[in-house]
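# Results of the structural survey
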Number of protein chains: 4
Amino acid sequence: MESAKQVLASQNIETPSWAFGNSGTRFKVFAQQGVPRDPFEKLADAAQVHRFTGTAGSVALHIPWDKVEDYAALAAHAAEQGVRIGTINSNTFQDDDFMLGSVCHPDPGVRRKATDHLLECVDIMDATGSADLKLWFADGTNYPGQDSIADRQDRLAEVLSEVYGRLGEDQRLLLEYKLFEPSFYHTDVPDWGTAYAHCTELGPKAQVVIDTGHHAPGTNIEFIVAFLLRQGRLGGFDFNSRFYADDDLMVGSADPFQLFRILHELALREAIGPSSGIAYMLDQCHNIEPKIPAVIRSVMNVQEATAKALLVDRAALEAAQTSGDVLGANAVLMDAYNTDVRALLSDLRVEQGLDPDPMAAYAASGYADDIKSNRQGGQAAGWGA
Amino acid sequence: MESAKQVLASQNIETPSWAFGNSGTRFKVFAQQGVPRDPFEKLADAAQVHRFTGTAGSVALHIPWDKVEDYAALAAHAAEQGVRIGTINSNTFQDDDFMLGSVCHPDPGVRRKATDHLLECVDIMDATGSADLKLWFADGTNYPGQDSIADRQDRLAEVLSEVYGRLGEDQRLLLEYKLFEPSFYHTDVPDWGTAYAHCTELGPKAQVVIDTGHHAPGTNIEFIVAFLLRQGRLGGFDFNSRFYADDDLMVGSADPFQLFRILHELALREAIGPSSGIAYMLDQCHNIEPKIPAVIRSVMNVQEATAKALLVDRAALEAAQTSGDVLGANAVLMDAYNTDVRALLSDLRVEQGLDPDPMAAYAASGYADDIKSNRQGGQAAGWGA
Amino acid sequence: MESAKQVLASQNIETPSWAFGNSGTRFKVFAQQGVPRDPFEKLADAAQVHRFTGTAGSVALHIPWDKVEDYAALAAHAAEQGVRIGTINSNTFQDDDFMLGSVCHPDPGVRRKATDHLLECVDIMDATGSADLKLWFADGTNYPGQDSIADRQDRLAEVLSEVYGRLGEDQRLLLEYKLFEPSFYHTDVPDWGTAYAHCTELGPKAQVVIDTGHHAPGTNIEFIVAFLLRQGRLGGFDFNSRFYADDDLMVGSADPFQLFRILHELALREAIGPSSGIAYMLDQCHNIEPKIPAVIRSVMNVQEATAKALLVDRAALEAAQTSGDVLGANAVLMDAYNTDVRALLSDLRVEQGLDPDPMAAYAASGYADDIKSNRQGGQAAGWGA
Amino acid sequence: MESAKQVLASQNIETPSWAFGNSGTRFKVFAQQGVPRDPFEKLADAAQVHRFTGTAGSVALHIPWDKVEDYAALAAHAAEQGVRIGTINSNTFQDDDFMLGSVCHPDPGVRRKATDHLLECVDIMDATGSADLKLWFADGTNYPGQDSIADRQDRLAEVLSEVYGRLGEDQRLLLEYKLFEPSFYHTDVPDWGTAYAHCTELGPKAQVVIDTGHHAPGTNIEFIVAFLLRQGRLGGFDFNSRFYADDDLMVGSADPFQLFRILHELALREAIGPSSGIAYMLDQCHNIEPKIPAVIRSVMNVQEATAKALLVDRAALEAAQTSGDVLGANAVLMDAYNTDVRALLSDLRVEQGLDPDPMAAYAASGYADDIKSNRQGGQAAGWGA
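Residues numbered from 1 in each chain as written. Chains lettered and ligands numbered in written order. Predicted model: local features only at pLDDT ≥ 70, side-chain atom pairs only at ≥ 80, totals over all residues. Heavy atoms only, no water.

With an unreviewed UniProt entry as reference, chain A is termed L-rhamnose isomerase, source organism Glycomyces buryatensis.

Okay, here's the thing in structure tokens:
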């Protein structure tokens, strides 16, 4: 229990600045009230999550959505709010030039433009002190024959190599994969194998990111976690939930048992805390629910899954596994999963000087009303802004 | 061959007005040049498809995207262009009030608003002479517990009943189902069974629409076709292609064999021509390809699948089936599928006074350049406009 | 809490006789020791499950696997063991004549044979006092064109009608659906919609059975539960777990949250207890784990999911739903799910005079060793015997 | 056309000895008449496929199913029949010791036994002159927690390394992956990424095998083909078709367009002929159709897909791709796919001295009747024998 609490106290779950802006589906983006209008206000909202959970101390930025004149000022603002700037995320899918791809586009001019954007992201990392460049590419095709799958890999490798070369000594390139969307026939980094092969060719500073919503139906994600850990290539997570495609729902809301199994693989290898080098991030869309409490809830869901994973009786598990006791080994795991860990986490929060109930505390804080009143006018932030 | 040509000559494939406007994914809508700015220009574009294929004589409207002051004028404009107005499609997913649903919303006021929209669609049918009201509801929930699945069914049934009662004698209600998106936990009409059950409770004027992109992976769509035909409840199709989710690619581009199998079930029951009462429609998004030629190509793809289906040697098929000759029966079907029917369709076009190659003829027509030049200014039509 | 206990005390989960015999995959059936060699021994094993859980009072038979000379003797033997005979399950997939189907076979002679088997099952129901005939058909095709999908529906309807006509006043026909396997192109009852349509045509004694492993990926099973309950057509469940296809693992082992959501829909409609008329059955394969404890564990998993479902604060849920409080409504559900109900169930067992820990009590009983010693020689029961 | 014929004439498609024996599902193995009773008879049947197609000159063996006293005699028998022995396939899933795994089993004794079997397979390769050892492992778990995912990888790597070290200079290890079945929670080599990572660690003689039925729904197989070709790690194919899981139907029968797309990637890289080093194999189960004609048909399906792929106008394709002409590039591909290549292949056969219609020629040969008459008595070969 005490050691579980210690690990939990050290856990950091990074929130994404874009989770606080408006988002939606291709059918409609429903606007919410009190939504931030610039990166400073996004950081303020993210800081609320950390204020009530004590676990969300860093915030991922998305470039160009979070471009500012003065990154030092932005970093200082973050510090004032009690958080720090985390991962820098690139965006090479919203410029009109990128209709048929960015780093894999057949036109070298478009690839140059995309590459320059990635290099600019590293500049911003230098300016903000960020250690991780997270790359997700919307590149792919919609129709068979549209472009050469193989040539696109060559182009991708070339761009990645240039960007990798630009990284500072303590900076990493985190490469994300995704089965489909917005490309519908093929994507240029569809699975962990592709990301892994590129990373091993790039070097030790290139690592794979697992977005829990980016797999084919039936994929065993915890296997990928275990395998990448074994290979030393697990760079981080984009946590969220999905029932069907990349639904980007709150992590833990669709399949909490899967989330637990993922955390179990990590706990087994003592890979929860910051010394693991694994970036634990959220990447979600709160299309119809209020955004700040949704993020708080998501952080709590990860904490609960982690707590359960830390309660697994590893000695008993290993004994049952070694003896081929199928039901016994499964029972050890389920015993931890079936435990109600909410009191444990409440206790931890009290020890940390936090309210035991983050959701209630946030609701009582009046912050939601404040932003609704104060953020009148201006342009609400969203995926396209 | 001749009888196949006769059926093909009678085939009508309805094009959707919205296919000619801009569309995209949640990540980006890439604007194209020359896109129509109002329903009149959409009809003009749709007429080009008919001009070169001879098969796309009707155009589906989407309300409110295609709202006009004077529907008689719109219908007259269509007639001038050589097409007619087909299905009326409702939209109850883009008003801010519909964030948590429309006809299934817990608030009776919101349901009233949605119902009134549907009734207005019937008014427009009366004004345009349309026979079919096509209903697709984005209703559903994103999170378990968010709303009562069962109560929402009751609300849905009540609204459908009111709208059904408003239909004229020769008007039909076509109910579409969809597994997911934009709702991610449950949708209120997720599958054909749900649509079928509601239709049988409503009465004979209620029929099920199959959108080929709206199923779970692995669903055998031609089974559903055969089953609904048997029950007398197949109202129509929304044709498109998908590799993963509801990708809305050009019909026949992802799995042409599946399209053939669907048409085979229809051909077997003489359900291709207009007397079948089945509305054959396209419902696609041409996000990255030029829209008019993409629709022409889609119409041709349906024609080719139909031609192959009409070439199936039914007597040989039945003989093989009856005798339990698995390979023989399959071979009869594959023999038709493997036939190159493009010359047959070229011949048919020439007989109809059309160019044998619709794609080339459109390209040579100069229409694409014309609309790029002439449609300067104004607001390009799109899913949100 | 007390009312939850009351409902739990009334719950009956039927075990299948075949779960105690050997099973496997197409690659290998691994034989276990102490496996029953006849229906009497299967009932003895099933009685152990009831002895330690108090919840598994009925046992499903599978014909012809469980054919005996004297069904009255078998029923008496069951009663001596403390259980009763439940559902009668038909088998029309293992006779060589059924290679291309049974009730849908193109040959009327084969259909007659299959129908006669079903009628014999009703005879056995009369002899054993069983109320439910559960029909699952392996019928379907492997290749497009192999047989007429539509004609097979007609044949199916005809057979079902004859069997329905043979049912006694208090007997029901429970129709199961399955997406695929052992047929790989189409199955003749692939989804709930098909089963539902046949049942409504047959009459009120025909009901749909949901096997939780028989759906396409992404299917929302609790929606089907809610819908069939609304239509009065939910006859029962075949519980098991799946990660990919019809894996037939222990219920609750793959997605315990889904199992909870299913039970929640049932609890909402007071449909847990025997008065609901819903047959709660297990249908699982314990290929690599010892069978009796696997079934005990499965029964406990259903109990735990039920207990959580009964703890949902319905008033709070409805209030949150009505007010459109997405996070609040979801939280009410998750609050129940996250509760550890194992102590509640242990208490209930003690009140019922049972050991609080069924797994440990069974292990301590020595039964497993007894059957290993006593069941030497003979032919172990299995799927094929 | 001529160059296409040249490539087609050089193509070899290996047939599997086990395709000629009985197979089935877990529900039933339907026995067919005239089925071979030993490896010699299997080779005789395989030779029929080559006799009528001219393209199936090698036959894969499966050990221990095809164990014989004298492998030189078996190879000589093959040569007499006009075929040669190809890949050696291992089987570590049917011994009772392998219930919980083979090379990944927690017990070192079981791993030793499995490893020895693999080494024996290399001995047989030496004796038969086979160049390729194809490894597919049924290893995995059914329940979360059952065994350590990570430890199993270590065990796997150790065994692979030992076997790799035993290979002769011109021998290869082909590692196959599979998403699921017969293991249902996790498999130890679930995807191409896992196989690829192990192969790169082993060395240049280790290559990945793609079984077209072993992927999650929605997986873009041609991407994997293109990627592995780029990395120099594509060792071969196990061709078959699937609608749902690993259905093992005739290749090209479920999604002929996908098969064409796969061959297109190979044709683009001149990787069809034997100099490519890619082993093109069938791996299918003919559960309900006669086996020899099913294999002939399968070979023809691969030939037709290859022919279409060879007809793609590469210059036009590249021009359209480079200019970003989405519809044009897709049209080039579809133009080849829509071509009826059956006459081309008939011509080729006549040039090769074969009957233009292999199916009819086989049917007319009387071989099917001969084996039904001559193969009375004995034990028909099957998956378990």
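As a further point, take the sheet that holds strand β9 (residues 234-239) of chain C. All names here are of chain C. Spatially, eight strands are ordered β1-β2-β3-β4-β6-β8-β9-β10 in an open sheet, and the strand pairing comes out parallel. Each having just a single partner strand, β1 (15-16) and β10 (279-282) make up the two edges of the open sheet. Relative to strand β4 (residues 132-135), strand β3 (residues 84-90) runs parallel, the two sharing two bridges. Bridging across to β4, isoleucine 88 finds its partner in leucine 133. Docked against the sheet, helix α5 (residues 149-166) engages β4, β6 (172-176) and β8 (206-211), running at close to 150° with respect to β6. (Pairing = 2+ DSSP bridges. Helix = DSSP H or I, 4+ residues; strand = E, 2+ residues; numbered from the N terminus. Contact = heavy atoms within 4.5 Å. Axes fitted to C-alpha atoms, helices over the stretch in contact; angles between N-to-C directions.)

What follows deals with the packing of aromatic side chains. Two numbers describe a pair of aromatic rings. These are the distance of the centres and the angle of the planes. Under the defined criterion, the tally for this structure stands at 85 aromatic pairs over all chains. Here the aromatic rings of Trp65(C) and Phe93(C) are separated by 6.5 Å at their centres, their planes lie at 90°, and the arrangement is edge-to-face. In this pair, Trp65(C) is assigned in the loop between β2 (58-63) and α3 (71-81) and Phe93(C) in the loop between β3 and α4 (108-128), connecting sequence segments 28 residues apart. Neither residue differs from the other here; Trp65(C) and Phe93(C) are each classed as buried. Look at Phe260(C) and Tyr337(C): their rings are 5.2 Å apart centre to centre, the planes differ by 45°, and that puts the pair in the tilted class. Residue Phe260(C) is located in helix α8 (residues 256-268), and its partner Tyr337(C) is located in helix α11 (residues 326-337); the two are separated by 77 residues in the primary sequence. The pair Phe260(C) / Tyr337(C) is uniform in exposure class, with both members buried. Feature note: the residues Phe257(A), Phe260(A), Tyr337(A), Phe257(C), Phe260(C) and Tyr337(C) constitute an aromatic cluster, connected by ring pairs. (Phe/Tyr/Trp six-rings, centres within 6.5 Å; stacked < 30°, edge-to-face > 60°. Buried < 20%, exposed > 50% of the residue type's maximum accessible area, 1.4 Å probe, protein only.)

The subject of this paragraph is the confidence of the model for chain A. For chain A, per-residue confidence averages 97 on the pLDDT scale, and 99% of positions sit at 70 or higher. Per the prediction output, this complex has pTM 0.98; the corresponding ipTM is 0.97. (pLDDT = per-residue confidence, 0-100.)

On to the environment of Pro274(C). Along the polypeptide, Pro274(C) turns up in the loop between α8 and β10. Taking the C-alpha atoms as reference points, Pro274(C) and Ser10(C), separated by 264 residues in sequence, lie 7.1 Å from one another.

All names here are of chain D. The buried fraction of helix α7 (residues 221-231) is high, at ten of eleven residues. Turning to α7, its buried residues are Ile221, Glu222, Phe223, Ile224, Val225, Ala226, Phe227, Leu228, Leu229 and Gln231. Taking the backbone nitrogen of glutamate 222 as reference, a side-chain oxygen 3.2 Å away marks asparagine 220 as the first, capping residue of α7. (Polar contact = N/O pair within 3.5 Å; in protein donor to acceptor, adjacent residues only side chain to side chain.)

Residue and element names in this part refer to chain D. Read across the sheet, eight strands follow the order β1-β2-β3-β4-β6-β8-β9-β10 without closing on themselves; strand pairing throughout is parallel. A single partner strand is all that each edge strand has here, and the edge strands are β1 (15-16) and β10 (279-282). Alignment of strand β9 (residues 234-239) against β10, held across four bridges, turns out to be parallel. Within β10, the position partnered with glycine 236 by the bridge is alanine 279. Contacts from helix α5 (residues 149-166) reach β4 (132-135), β6 (172-176) and β8 (206-211), with the element oriented near 150° to β6. Against the sheet, α7 engages β8 and β9, with an angle of about 165° to β8.

Bringing the relation of the copies chain A and chain D into the picture now. It takes a turn of 180° to lay chain A on chain D, together with a shift of 0.0 Å along the axis; the resulting RMSD is 0.0 Å. Expressed as a symmetry operation, the mapping of one chain copy onto the other fits a two-fold axis. Every residue of chain A has its C-alpha some distance from the rotation axis, and the shortest such distance is that of Gly193(A), at 2.0 Å. In this assembly the copies share their binding face: 100% of the residues contributing to the interface of chain A also contribute to that of chain D. (Least-squares fit on C-alpha atoms with pLDDT ≥ 70 in both.)

UniProt records the feature "domain: Xylose isomerase-like TIM barrel" (unreviewed entry) for residues 69-267 of chain A in the present numbering. Annotated as 42% helix and 16% strand, the span residues 69-267 of chain A places its first and last C-alpha atoms 41 Å apart. (UniProt positions renumbered as here; feature names shortened; annotations may be inferred.)

Attention now goes to the packing of helix α9 (residues 291-310) of chain A against helix α13 (residues 358-365) of chain A. All names here are of chain A. Running from N to C, α9 and α13 cross one another at 160°; their axes reach a closest spacing of 10 Å. In terms of their interaxial angle, α9 and α13 are classed as roughly antiparallel. Crossing of α9 over α13 shows right-handed handedness. On α13, the residues touching Ile292, Pro293, Ile296, Arg297 and Met300 of α9 are Pro358, Met359 and Tyr362. Looking at the contact of α9 with α13 residue by residue, the class counts come to seven nonpolar, no polar and one charged. (Parallel < 35°, antiparallel > 145°, perpendicular 65-115°, else oblique. Left-handed = near helix turned anticlockwise from the far one by under 90°. Nonpolar A, V, L, I, M, F, W, Y, C, P; charged D, E, K, R; others polar.)

Further remarks concern the interface of chain A and chain D. Contacts between the two partners involve 49 residues from chain A and, on the opposite side, 50 residues from chain D. Here chain A and chain D share an interface that buries about 3900 Å² over both sides, 62% of which is from carbon and sulfur atoms. When the buried area of chain A at its contact with chain D is split by residue, Phe223(A), Arg230(A) and Gln321(A) rank highest and sum to 16% of it. Between chain A and chain D we count two salt bridges in total. Of the charged contacts, one joins Asp154(A) and Arg230(D) as a salt bridge, the two residues approaching to 2.8 Å between their closest N and O atoms. Counting every contact that joins chain A to chain D gives 14 residue pairs in polar contact (both at pLDDT 80 or more). Every element with two or more residues in the side of chain A that touches chain D is listed here: α5 (149-166), β7 (186-187), α6 (192-202), α7 (221-231), α8 (256-268), α10 (314-322) and α11 (326-337) of chain A. (Buried area = accessible area lost by both parts, 1.4 Å probe. Salt bridge = Lys/Arg side-chain N within 4 Å of Asp/Glu carboxyl O.)

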